[in-house]
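So you can see what is in the structure, the chains are spelled out below.
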Amino acid sequence: MLSERIGKIRSTILTLEEINRIIPKEQITYDVEANSHKSPIIRHAEVVERLFTSIAINHIPGERIAGNNTSNYSPRPNHLTNEELEEIKRYPKGVFKEALTAMDERIFYVWAFTQGHIVPDKELVLKRGMNGIIEDIESRLTDKTLDRNGREFLEASLIECRGFLRYTGRHAEWFGKKAKEAEDGGKRKYFEDLARVCGRVPANPATSFREALQSAWFVHIATMMDDVANHSLGRIDQYLYPYYKKDIDDGVITKEEAKELFFEFWMKLNLGYKLQELCGLKIGVRAEDPDSVGVIDEGSYDLFDNRDGFSWLSLKYINQENHTDNGQVLDCAGLDGEGNDATNDISWFVLDAVDELRIFEPKPVIKYTDKTDKRFMRKAYGILASGFGLPAIAFDEAGERGLRRCNMFDEEAIVNHCHIGCIELGIPGSSYIDPMNAFMNLPKIFLIALNNGYYEGRKVGLELEAPRTWDEFINNFYLQLDYFVGLYTKTMNDASPFFARYFVRPLISGLIDGCIESAVPVDNGGARFWTKAVNCTGFSTAVDSLFSIKKIVYGEKKIGLERLREVLDKNFEGEEDFRLLVKNRIPKFGNGVDEVDELAKEVSSMYAEIVRKYKTTKGTSYRPGIYSFYEPIKNMGAVTGATPDGRMAGEVLSLNSAPYHGSVKNSLSEVLKSVTAIEHSKLDNASCLDVQLNGRIEPEVIEYIVEYLAKRDVLFAHFTVVDRDRLVEAQKNPDRYQDLTVRVTGFSARFVVLPKDTQDEIIERSYWG
Amino acid sequence: MGMTKRGENNKVCATELNIFDIQRFSWVDGPGIRTVLFFKGCNLDCIWCHNPESRSFDRDLLFYADRCIGCGKCVDICPNGCHAFSEGRHVVRRERCAGCGKCASVCNAEALEIVGKAAGVDDIMEEVLEDMEFYGMSGGGLTLSGGEPLLQPEGCFEILERCKKRGIHTAVDTAGYVEWSSFERVLPVTDYILYDVKTLDDEVHKKVCGVSNRAIIRNLLNLKDRDVNLIVRIPLVPGVNDTREDVLEIVGLVGGFDNLVKVELLPFHKLGRSKYEALGLAYRAEKIPVPDREKVCALRQHAAGKR
Ligand code: SF4
Ligand code: SF4
């Protein structure tokens with residue numbers, strides 16, 4: 001049961017209007033042109049410093065952890081000059097012609113700067129305090145051999161770190177004043193405590209559980225000022241535990257009190273989701289807040305439109321306006337340094353928070369191992385079976401296996417790995433992995449292979465000789481794939497240093513191991529572990545299409561390649577019977593058919609091999625992932641012609657490694673057999689299974705599936721338990737189903753707020769998202 | 001139906017069963033994760049039946065009109081002239097159909113489907129064994145369902161015995177309207193009986209299921225002291241058995257059984273309606289409402305023995 005205090009905070013924090021009533025809307029400005037002689041990184045630092053020094057202090061009555069982010073906070077003012085902005089807009093024109101063609105065809109997307117997707121080292125701040133980090137930077141600055149870039153980065157970082165401490169110090173002052181004004185002793189003590197905690201952290205090392213939570217929360221706010229969103233929290237149960245344990249041992253806090261404080265922290269992380277719900281979920285469309293002040297680009301823009309330099313920046317400008325986050329993954333359980341089960345009381349608090357608060361942010365992930373406390377897992381299964389799509393389950397061993405394949409991370413880091421953004425694997429506090437990128441459109445690459453390098457008569461890929469055998473055919477597909485991955489990585493290697501000049505995060509860089517030492521910001525390669533990823537989209541659409549070719553063209557010889565091309569070019573017009581033949585009569589991935597599963601395994605492995613061949617600007621290998629979310633599969637599907645799996649032109653592509661919707665004809669056993677035929681650890685950047693179960697589910701059923709997956713090479717699974725009838729009902733009567741929740745790759749959402757087409761997608765899917 | 005054939009070298013070939021489906025990964029047909037084998041043919045005629053294709057012992061032809069693209073291939077291939085187009089509409093003359101399946105095999109649209117097949121025990125076992133891993137971790141196994149499996153007692157025995165030899169948990173889902181000897185045949189190789197009980201009121205039973213419930217109740221009572229676990233399942237149908245009294249009456253009948261595991265309620269739903277259409281049969285449950293959630297929850301409490 002929630003205490004009355006927590007219940008009140010919950011209702012305040014979940015009603016954005018209420019927070020915004022407390023915090024007046026404000027507008028902070030920065031004169032870029034007057035500062036144009038400074039470099040962009042210094043201007044960025046000054047802008048962030050200005051936010052830190054002038055944003056209004058706010059407080060929700062009763063809360064013991066200070067500070068709330070809000071949409072009323074001033075947008076971060078632009079730090080780039082008009083000239084620089086023009087240069088950014090011009091950038092795409094200078095890129096290789098082939099790359100622009102590929103992007104126009106939506107064969108891949110380049111986001112040269114992905115927001116967030118990094119785990120700043122909160123543990124470090126807890127241990128050393130921001131003062132410790134400032135000391136490090138200052139001492140690094142005494143190095144006379146530093147070049148201008150290095151010096152400016154460290155100076156920028158220093159400006160922001162000091163600004164950050166002014167922000168937290170202002171909280172201490174504000175609470176101090178409140179304490180003086182307080183009429184009764186209880187109130188006074190309450191504010192004095194807040195003032196004392198804010199006076200100590202994050203400047204100094206945390207000495208108690210409350211200070212640790214406060215410090216971690218302040219750092220989280222600071223990262224949202226410096227960057228945008230998608231900042232994961234890492235292994236929160238591990239780095240908070242020592243402070244909790246000490247307080248319990250010293251008798252200064254009870255378990256119940258600690259849990260309440262933890263709940264407060266949890267609720268603060270929800271604001272981003274709340275805002276997202278209010279402003280619309282669509283990625284690529286500017287948040288529709290009529291009062292929002294455009295920072296750079298006045299109009300709305302499409303993230304997947306490659307003509308504008310800014311669309312090369314992922315979600316950069318969408319959320320920067322409100323300093324909230326909705327990609328806050330955090331990890332719990334897993335193994336400790338000695339290889340024992342790391343589940344502790346904080347891990348349990350995580351599940352309690354999910355169970356009792358029932359909010360969608362943050363998004364916990366359980367690092368599952370065969371040593372993980374069974375009771376703990378059972379509680380998680382119970383929550384999942386109740387229909388709430390959290391927590392996600394990640395398979396630690398496969399994750400480690402995957403990270404080892406990168407030949408980059410050391411063993412200690414591998415054991416300590418966490419999830420970043422949505423499902424991507426990384427190392428807290430020391431890795432930059434830029435995991436959300438490319439979305440290689442496999443079905444379209446397949447079509448280009450089928451047309452020997454052409455798409456609708458336009459030369460897009462490699463001109464290759466017409467294949468005579470199946471082996472030659474699939475080989476051509478791999479050659480085209482290789483070509484496009486090469487093109488993508490070449491483009492990325494050119495774009496990423498260019499954009500890193502302008503889009504910077506000096507404070508966050510200071511919290512990533514390696515950056516201060518090398519005096520290089522994280523986006524330029526400063527992190528100890530630095531790499532980038534190539535994800536692909538439409539995996540099973542491509543596999544089904546390839547299998548179809550294998551069967552009907554080279555196997556049963558029902559149709560020649562030439563004729564097949566004609567049929568597809570005409571989008572099956574007048575050939576409905578043939579379309580149904582390939583759709584219904586040729587086995588599809590997801591039905592446990594060995595031959596198809598083998599092909600899926602081969603394609604995924606080859607894809608991984610191809611991606612790893614290519615090197616980043618730092619010389620590390622790109623990391624492969626089979627990963628997409630709804631926007632790319634719709635967006636890329638829209639410009640991808642008919643495929644020989646029976647999919648019509650323009651239809652959506654398959655999601656992640658899931659079977660194409662509607663193609664699963666058998667039971668979950670067969671689906672599981674198929675999807676586990678893929679060696680997911682080879683796709684170590686990200687590969688996710690979305691298990692959708694219909695009807696009433698006992699928690700044990702989820703347990704069995706998890707145990708089955710754990711024995712195989714699977715990285716990550718989401719579970720959504722839904723009642724199909726209820727979804728249809730909910731679509732008709734949204735008012736009555738406000739609390740119905742679904743979980744699909746990377747987001748949990750209330751079903752009723754999703755756009756209609758996404759709702760339909762979810763209803764359509766039988767078992768897999 | 002179960003018959004034993006002699007093979008060439010005088011070895012006993014596997015019995016063939018008249019079935020219509022095998023479904024894997026079920027968690028609602030007995031303990032754990034189970035494979036369910038659906039037998040074809042039933043001797044009850046429940047008006048709410050959601051598996052109308054399970055009732056006839058013969059093969060059924062299902063036609064889904066909304067999927068038909070009018071290609072006409074079925075018209076050409078049917079030896080008995082069952083398919084025809086009249087005024088642009090596809091008409092199926094089922095009375096002529098011999099169930100040969102030729103039309104379904106050429107229909108790419110999956111508008112035609114033949115339901116019912118003779119399957120050998122070996123083939124069935126092969127599929128059953130696929131999910132050994134799930135049975136092992138969950139205590140699941142094979143459930144015979146239908147239709148009425150116990151109308152093929154020899155086939156049931158053979159497949160259940162094979163399962164027992166492999167250490168697979170076994171269950172039989174029956175409506176109980178069979179000779180007691182059929183129960184005797186399978187009991188030695190059956191761990192669970194899922195026993196469907198509709199109502200104890202014989203007049204009502206005759207009206208909604210087409211037969212008297214006397215034999216059903218007698219067989220149920222016979223199971224009392226037998227070495228088999230019993231789950232009693234009540235298909236909850238508004239207007240037939242959805243009052244507290246209805247449920248308590250059935251619970252009262254079996255409440256004293258030592259081998260009773262639980263009484264389950266299976267709320268009526270209309271998901272089977274499209275199959276009636278496909279079979280060219282009238283749907284008789286149109287007027288029956290779907291029981292509402294709260295009521296089902298409350299009745300489940302009663303079924304669990306809480307008054
Ligand atoms: S074969 Fe199928 S699609 Fe063609 S006319 Fe017959 S039922 Fe319709
Ligand atoms: S099953 Fe055979 S007899 Fe029956 S309609 Fe089809 S082709 Fe004709």
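As the structure is a prediction and not an experimental result, all values here were calculated from the model.

Chemist: In this structure, what is going on with the domain arrangement of chain B? I would like to understand it.
Modeler: By convention, interface size is frequently given as the accessible area that disappears when the constituent parts associate. Residue and element names in this part refer to chain B. Here chain B is partitioned into domain 1 (8-57 + 116-303) and domain 2 (61-115). Between domain 1 and domain 2, the C-alpha centre-to-centre distance is 31 Å. In this complex, domain 1 contributes 10 residues to the contact, which on the side of domain 2 involves seven residues. In this assembly, domain 1 packs against domain 2 so that about 600 Å² is buried in total across both faces, 62% of it on carbon and sulfur atoms. Among the residues domain 1 hides against domain 2, the three largest losses belong to Gly116, Ala278 and Leu279. Together they make up 66% of the total. Linking domain 1 with domain 2 are zero salt bridges, by the criterion used here. Across the domain 1-domain 2 interface, the total number found is three residue pairs in polar contact (both at pLDDT 80 or more).

Chemist: Looking at this structure, I do not really get the interface of chain B and chain A. What am I missing?
Modeler: Each partner contributes residues to the interface: chain B has 23 residues there, and chain A has 27 residues. Between chain B and chain A, roughly 2,100 Å² of surface is buried when both sides are summed, and carbon and sulfur atoms account for 54% of that area. On inspection of chain B and its partner chain A, the count reaches five salt bridges. The closest approach of N and O atoms between B:Glu133 and A:Arg712, which form a salt bridge, is 2.6 Å. At the surface where chain B touches chain A, the tally comes to 12 residue pairs in polar contact (both at pLDDT 80 or more). For the side of chain B that touches chain A, the secondary structure elements donating two or more residues are strand E1 (16-26), helix H2 (102-106), helix H4 (132-138) and helix H11 (293-303) of chain B. Take the side of chain B that touches chain A: its biggest share by element is four residues, from H4(B). Split by residue class, the side of chain B that touches chain A holds 11 nonpolar, three polar and nine charged.

Chemist: Hey, could you run me through empty space enclosed by the protein in this one?
Modeler: A water-sized probe, rolled over the atoms, reveals where empty space remains. Residue and element names in this part refer to chain B. For the coordinates displayed, the defined rule picks out eight cavities of 30 Å³ or more. Taken as a whole, the largest cavity spans an internal volume of roughly 90 Å³. In this structure, the largest cavity is lined by 15 residues; those nearest its centre are Cys68, Cys71, Cys74, Cys107 and Ala111. For the lining of the largest cavity, the class distribution of residues is 12 nonpolar, three polar and no charged. Volume-wise, the second largest cavity comes out at about 80 Å³. Surrounding the second largest cavity, 13 residues form its lining, Cys78, Cys82, Cys97, Cys100 and Cys103 being those nearest its centre.

About the cut-offs
Residues numbered from 1 in each chain as written. Chains lettered and ligands numbered in written order. Predicted model: local features only at pLDDT ≥ 70, side-chain atom pairs only at ≥ 80, totals over all residues. Heavy atoms only, no water. Domains from an automatic or database assignment. Contact = heavy atoms within 4.5 Å. Buried area = accessible area lost by both parts, 1.4 Å probe. Salt bridge = Lys/Arg side-chain N within 4 Å of Asp/Glu carboxyl O. Polar contact = N/O pair within 3.5 Å; in protein donor to acceptor, adjacent residues only side chain to side chain. Helix = DSSP H or I, 4+ residues; strand = E, 2+ residues; numbered from the N terminus. Nonpolar A, V, L, I, M, F, W, Y, C, P; charged D, E, K, R; others polar. 1 Å grid on protein atoms, 1.4 Å probe; cavity = no way out; pocket = protein on both sides within 12 Å on 5 of 7 lines; lining within 4 Å. Points joined across faces, edges and corners; volume = space filled by probe spheres on them.

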